[in-house]
Amino acid sequence: MSTRHLVISVTFLQPMCHARLGKGETAPNEWPPSPLRLFQAMVAGAAARWAGAAGPVQLGGITLTSDVPVAALKWLENLCSVTPPTIVAPEAAPGKAVPHYVPNNSGDLVAARWAKGNALAAFEDRVKKTFRPTHLLGGQTVHYLWPLDDVREREARLHEPAIAAMARSIVALGWGIDAAFGDARIMDANGLADLAGERWIPGRIGAPGLRTPVARTLDDLSARHGAFLRRLQNGVFTPVPPLRQFATVPYRRASDLPVRPFAAFLLRPPEKDTGYAAFAGRRATCVAAMLRHAACKAAQEDVDESPDAWRTAEWSLRFVAGHGPPGESKRRRKDDNHPRFSYLPLRSIGHPHADGMIRRALIAEPFGSDGRSARWIEQRLAGAELIDEHTRTVVARLEPVRPDDPDFDHVFHLYAARSEEAATVWTSVTPVILPGYDDNKRAKRERLVLECLRHAGIDAEAVDSVEVRRAAWFSGITESLSAFKRPCYLQHLPAWHVRLVFRRAVSGPLSLGAGRHCGLGVLARQ
């Protein structure tokens, strides 16, 4: 893991930014400012700094020529295309839209109308422009972080003076009125901990994506600038082409959980279309095992070995069955994070007379998955039978139910909430199996819970507090921790009930701990 980072920081002179994701009046605000916007600000700063220089520029005892910033920008755009930066930005809130009437700066639009034959188009002295700033809370500095391996660090050391000079030449980030100044340096991991703000992670599904530079973005910017200068020649207007050389990368806050696709099922009696097949809550792992058996059987029948297929034999073994890599033991190693299904029996809770029995179930993909496996399992297990491992008899039949169906009732919503029902407090309904010995020490126990979060794909930054105890928080769940059945490989590990308080409301479904894929460590919102 790299410990050095290239950091470019930009500080706004006022606690607001007017950047938007598009040109229209209704375009949403852009926050944090995109890496492409930073790159463009640096290009503008470099052009202003070096355009009038007759010769080399001195900076901190280092001589920079006009070739140096070009090489640095090309290196930076390649770095962005391979590794989009993590962004650390202050918390922000969108402001109200306020109309302003500003001097008309749209002469090109009138010229374009003339070019289309509208000879009556005329200039206006002032034009309405709606300001809807993003207000910055608790800070005014945005940091862009690129991790550096050994090779990248040597290259970054070479370009660091030019990148710092261009960052210090930034005059605005966003609209022209968003005055700002910048700086750049190479920092170690210890210094990163002092950067205040929310971390925005690239490449993870979340809010609308941010534009990032790619190879040849600088060339495209240069060509576009040249086209702008030549737009009026010999009395003929030539429209300026839009910028095309950039990528759009999904970003989300580290404290936000991405969507977790799932398929939901009612457990019906084998011979009936109404009512429920009910199982004791302490048999959660048994129900999960029956679900997994049905899923594995369906996956083996649906394996597709054509070149573009995704339901491969490896998918069947690793994603559906949860086995280790081909050729190795079926049991996964502790550090094996290959994605897989989680089989989550749901206990009836949330009512004073709820009995805690299992009548419903979810089969969930990992956070941020594309959902195609969940859609497949929903269709494939419609009407499938659950078979008891010991008696070899059919004990339930699966009926799929979707979140917009009436049968997706309040119990489902406790485990997989609608967006408007998202909650910050979630507690375990079945015990959370810690991935190691806690030696009955609180600090070690809490560290193991944090490890559980990491294994489950939940950033520790998303959690505000953790509470651990032996008794469940939900009324009606009275079994002792030792009463729950466990697979042999989990029997030696400590079990606890856990309560998580998230910084932002989450929707679920959530499962935690070493048994999170087999019915243990299932959480519900409070």
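Keep in mind that this is a model prediction, so the values were computed, not measured.

1. A word on the environment of D355
Piece 1. As for its position among the elements, D355 is in the loop between β17 (342-347) and β18 (358-364).
Piece 2. Judged by relative accessible area, which is 39%, D355 ranks as partly exposed.
Piece 3. Polar side-chain contacts of D355 include one of 2.6 Å to the side chain of R359.

2. Digging into the pattern of salt bridges
Piece 1. Per the counting criterion, the structure on display carries 31 salt bridges.
Piece 2. A salt bridge links R37 to E30; its shortest N-O distance comes to 2.7 Å.
Piece 3. The class for E30 is buried, based on a relative accessible area of 2%.
Piece 4. Residues D183 and R168 are paired through a salt bridge, measuring 3.0 Å at the closest nitrogen-oxygen approach.

3. Section: the sheet that holds strand β2 (residues 16-17)
Piece 1. Strands sit in the order β2-β9-β6 across an open sheet of three strands; the sheet is antiparallel. Each having just a single partner strand, β2 and β6 (91-94) make up the two edges of the open sheet.
Piece 2. Strand direction decides the pairing type here: β6 and strand β9 (residues 134-137), joined by four bridges, are antiparallel. From the neighbouring strand, A92 faces β9, where its bridge partner is L136.

4. What about the packing of helix α1 (residues 35-50) against helix α2 (residues 67-82)?
Piece 1. Two elements in contact, α1 and α2, have axes whose closest approach is 11 Å; the angle formed by their N-to-C orientations is 175 degrees. Considered as vectors, α1 and α2 are oriented roughly antiparallel to each other. Taken together, the residues of α2 that come into contact with α1 (itself represented by F39, M42, V43 and W50) are P69, L73, L76 and E77.
Piece 2. Its residues placed into classes, the contact of α1 with α2 shows seven nonpolar, no polar and one charged.

Quick notes on the rules
- Residues numbered from 1 in each chain as written.
- Predicted model: local features only at pLDDT ≥ 70, side-chain atom pairs only at ≥ 80, totals over all residues.
- Heavy atoms only, no water.
- Helix = DSSP H or I, 4+ residues; strand = E, 2+ residues; numbered from the N terminus.
- Buried < 20%, exposed > 50% of the residue type's maximum accessible area, 1.4 Å probe, protein only.
- Polar contact = N/O pair within 3.5 Å; in protein donor to acceptor, adjacent residues only side chain to side chain.
- Salt bridge = Lys/Arg side-chain N within 4 Å of Asp/Glu carboxyl O.
- Pairing = 2+ DSSP bridges.
- Axes fitted to C-alpha atoms, helices over the stretch in contact; angles between N-to-C directions.
- Parallel < 35°, antiparallel > 145°, perpendicular 65-115°, else oblique.
- Contact = heavy atoms within 4.5 Å.
- Nonpolar A, V, L, I, M, F, W, Y, C, P; charged D, E, K, R; others polar.

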